[in-house]
Amino acid sequence: MERIVEDQEKIQLYHTELILHDVLYKIFEYLNRHDLNEVSRVCKSWYWAAKVEKAKRGPQIMILQAVGEFGTSGSTKIHPVGIDDFGNSLRIKPTIGIFFTDGKYAAPADCDSVPYEICTAHQWAQPEDCFYVAVEASAVYVDKDKIGGEKNVTAAVFFPALSNVNYVSAQTSSHCIVQYFDRRNSLLSEITEKLFVTESNHVCFIMFIYQWKDEPTFDNYHENFCNEILDTLKTRYTAGTYSLWGGAINDIYTRSADDRPWSFHSTSFCALSLSNSSVKSWSIAIDNNLPYLEIQLILADFKKQVCLKSSSIAFLIISTDENNYEESNIKIFKNVFPTINIITMFNNKNHAVFSVNSTVTETEPKLRHMNSYAFMILTYKL
């Protein structure tokens, strides 16, 4: 009897290993990260097929519950909805999550900061070793679909934890950016030490600065700061070997994986870098006052320099008038790049966007742009 059981086990193992890799790859495409980890333990054949599938997965976009239910007593009462589904829907092991919101919320809520509530609502579902950034713009789109707090949803992008990709973050612990300039430029020193020391063939930078709408005096601080960052980039990297995307936005909150529960940071500046041979990105700034056809020609030329893959994702910031959050602004980019997802943030026309033209080899004249599109494509080379 024992011999029969042993023979059956051998036959079962033999059959699982006989499944063609092409079939395994197709099946494994539909598994979330937890199930993929489970099947990787079946046998060596399944382990390698699962490993290949994990390596194919780039950043993941998710549409999530922005905040939980709100109480009517003046304080928020968080009851996160869909947290279990959120964890089960992750197809990657994330190391960074960026949440995008327009700062609105469903009535009769009483909410001082939606980015803060996002961090609060999702703290219990935060994957291990994952850094959260919640940013607020005037309007948010995923492709042509508007994502709004009035619908109580937010868009999130999660970046996969891969052994061959380096992730670094640097952020302040206060909304007041002035104090960091007053202390002998300590903010720039911190950024330089953390972000700009990576030796790599290519680096992708994402930068957000908090800008109060009623304090235009901050513009001078921001402009000087951006000029200093650009000067630092020039001395450390060759033109064309790095990309940069971001802008001045309405609000920023961050939460690190090692933070205590309910520990979130209001942030005046947050920067991320992604580097190594497996990451490639391209960025460009375009004057949004140019004619439609001219912008299309610029994007078409930009596309010739870009390597698109199934893992590619695009980020776009548009500075525009308050009532001009139109899909036509996004349509220009979707017409040229119809096969990839584009996360779009609309901002006040007085808010700057950050970008460099990564497709040219000459030195970039400036990093901070007004009345412009800031566009970046990120690809994981698998």
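Each remark here, short or long, concerns the structure printed above.
Residues numbered from 1 in each chain as written. Predicted model: local features only at pLDDT ≥ 70, side-chain atom pairs only at ≥ 80, totals over all residues. Heavy atoms only, no water.

A. Spatial organisation of the overall build of the chain. Broken down by element type, the chain carries 11 helices and 18 strands. Out of the 382 residues in the chain, the part that is buried amounts to 54%. Within the chain, contacts between residues separated by at least 24 positions form 83% of all contacts whose residues are at least 6 apart in sequence. On the chain, roughly 17,800 Å² of surface is accessible, and the fraction owed to carbon and sulfur atoms is 48%. (Helix = DSSP H or I, 4+ residues; strand = E, 2+ residues; numbered from the N terminus. Buried < 20%, exposed > 50% of the residue type's maximum accessible area, 1.4 Å probe, protein only. Contact = heavy atoms within 4.5 Å. Areas by Shrake-Rupley, 256 points an atom, 1.4 Å probe, with all protein chains shown as cover.)

B. The nonpolar core, seen in detail. Judged by nonpolar contacts, the single largest core of 37 residues is most densely connected at F100, V135, F159, W245, F315, M345 and Y380. Ranked by size, the runner-up nonpolar core spans 24 residues in total, among them L188, F225, Y242 and L367. (Core = buried A, V, L, I, M, F, W, Y, C linked by side-chain atoms within 4.5 Å.)

C. Region of interest: the packing of aromatic side chains. All told, the structure shown has 17 aromatic pairs when counted by the stated rule. Each ring, one from Y47 and one from W48, has its centre 5.2 Å from the other, and the planes form 80 degrees; the classification is edge-to-face. The exposure class assigned to Y47 is partly exposed, which follows from its relative accessible area of 37%. Classification of W48 as partly exposed rests on a relative accessible area of 47%. (Phe/Tyr/Trp six-rings, centres within 6.5 Å; stacked < 30°, edge-to-face > 60°.)

D. View of the side chain of H202. By the secondary structure assignment, H202 is in the loop between α8 (186-195) and β8 (203-210). At 3.2 Å, the side chain of H202 and the backbone oxygen of T241 are in polar contact. Among the polar contacts made by the side chain of H202, one reaches the side chain of S281 at a distance of 2.8 Å. Beyond its immediate sequence surroundings of up to four residues, H202 is in contact with T241, Y242, S243, L274, S275, N276, V279, K280 and S281. (Polar contact = N/O pair within 3.5 Å; in protein donor to acceptor, adjacent residues only side chain to side chain.)

E. View of the sheet that holds strand β16 (residues 353-355). The strand order across the open sheet built from six strands is β7-β12-β8-β9-β16-β17, with neighbouring strands paired in mixed fashion. Of all the strands in the sheet, just β7 (166-171) and β17 (368-369) have a single pairing partner and so form its edges. Bridging between β8 and strand β9 (residues 242-249) involves eight bridges; their strand directions are parallel. When the sheet's bridge partners are listed, M207 is paired in β9 with G246. (Pairing = 2+ DSSP bridges.)

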